[in-house]
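Here is how the chains run, residue by residue.
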Amino acid sequence: RKEVRRWVRGLHERLGITTVLVTHDQEEAMEMADRIAVMERGRIVQFATPAELLDAPATPFVAGFVGEAARVPCVVRTGVVHFDPLPLPPLRVALPDGPAHAFIRPQEIVATPGEGATLRLVRADGGGEARVVAESGGVTLDAVAHGAGAWAVRGAPCRLQVRSATVFGAPGERARATPLVERAALRG
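Everything in this summary refers to the structure shown in the same document. For clarity, every value in this text was computed on a predicted model and none was experimentally measured.

### Regarding the sheet that holds strand β3 (residues 70-77)
Taken in spatial order, the 6 strands close into a barrel running β3-β4-β5-β12-β11-β6, and their pairing is antiparallel. As paired elements, strand β5 (residues 91-92) and strand β12 (residues 174-179) share 2 bridges and run antiparallel to each other. Bridging across to β12, Leu-91 finds its partner in Pro-179.

### Description of the pattern of salt bridges
Evaluated as defined, the whole model comprises 10 salt bridges. Close ionic contact of Lys-2 with Glu-27 constitutes a salt bridge, the shortest N to O distance being 3.5 Å. Residue Lys-2 is found in helix α1 (residues 2-15), and its partner Glu-27 is found in helix α2 (residues 26-32); the two are separated by 25 residues along the sequence. Residue Lys-2 is classed as partly exposed on the basis of its relative accessible area, which comes to 42%. When its relative accessible area of 43% is taken as the criterion, Glu-27 is described as partly exposed. Notably, a salt bridge pairs Glu-135 with Arg-120, separated by 3.0 Å at the nearest N-O pair. Here the residue Glu-135 occupies a position in strand β8 (residues 129-136), and Arg-120 occupies one in strand β7 (residues 109-126), the gap between them amounting to 15 residues. Residue class for Glu-135 comes out buried when judged on its relative accessible area of 17%.

The rules behind the values
Residues numbered from 1 in each chain as written. Predicted model: local features only at pLDDT ≥ 70, side-chain atom pairs only at ≥ 80, totals over all residues. Heavy atoms only, no water. Pairing = 2+ DSSP bridges. Helix = DSSP H or I, 4+ residues; strand = E, 2+ residues; numbered from the N terminus. Salt bridge = Lys/Arg side-chain N within 4 Å of Asp/Glu carboxyl O. Buried < 20%, exposed > 50% of the residue type's maximum accessible area, 1.4 Å probe, protein only.

Here it is as C-alpha cells:
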C-alpha cells in the first residue's frame with residue numbers, strides 16, 4: 001500500500017496535474033497531499049498543508065483528529081494555563097481567563113526522572129530515546145524520554161514537562177502555549 005502511494009505521488013508530480021484523493025487514512029493523506037481538507041459533520045473546517053494542520057489547527061476537532069494529541073482540560077488565569085490536579089507545569093498563553101482545553105502532542109511532553117507520574121509503557125527508539133506512556137491521577141499521556149537508558153522502565157516514577165501546547169479557550173479562541181521557564185531547563 002505504501003509503495004502504491006509513493007507511485008501515485010510520483011506520477012502526480014511527473015505529470016504536474018491536480019489530483020483529488022478522498023481517504024479516511026490520516027497517514028495516507030499526510031504523506032500524499034500538498035493540502036488537506038478536514039471535514040467535520042460534512043463541512044470543511046480547515047483546508048491547509050499537513051504541517052499547518054499539526055502546528056495550527058483551526059478548531060479543537062482538527063487538533064484532536066489530525067495526528068496524535070492528548071486533550072487535557074485546563075484553566076487559564078491571568079495568561080497562565082493551569083492543569084490542576086495533573087502535575088504538569090503551568091504554561092504561558094495569550095487567552096482570556098476561563099476553562100480551556102490543551103492539545104499536547106507526544107513530542108511536546110518530556111518525561112524525566114522525578115515524581116508526579118508513573119511510566120506505564122516504554123518503547124525504546126534507540127540512541128537513548130524512548131517513547132513512553134505516563135500516568136498520573138488516572139490520566140495517561142504519551143511523551144518522549146531523552147537519555148532514557150536505565151531509568152525509563154515500566155513502573156518508574158517520572159516528572160512530565162510540557163514544551164508547548166495548542167490551547168483552545170471556551171469561545172473557540174486558539175493560542176500556542178509555552179513554558180513559563182526557559183527551554184534550557186526542559187532539557188533535563
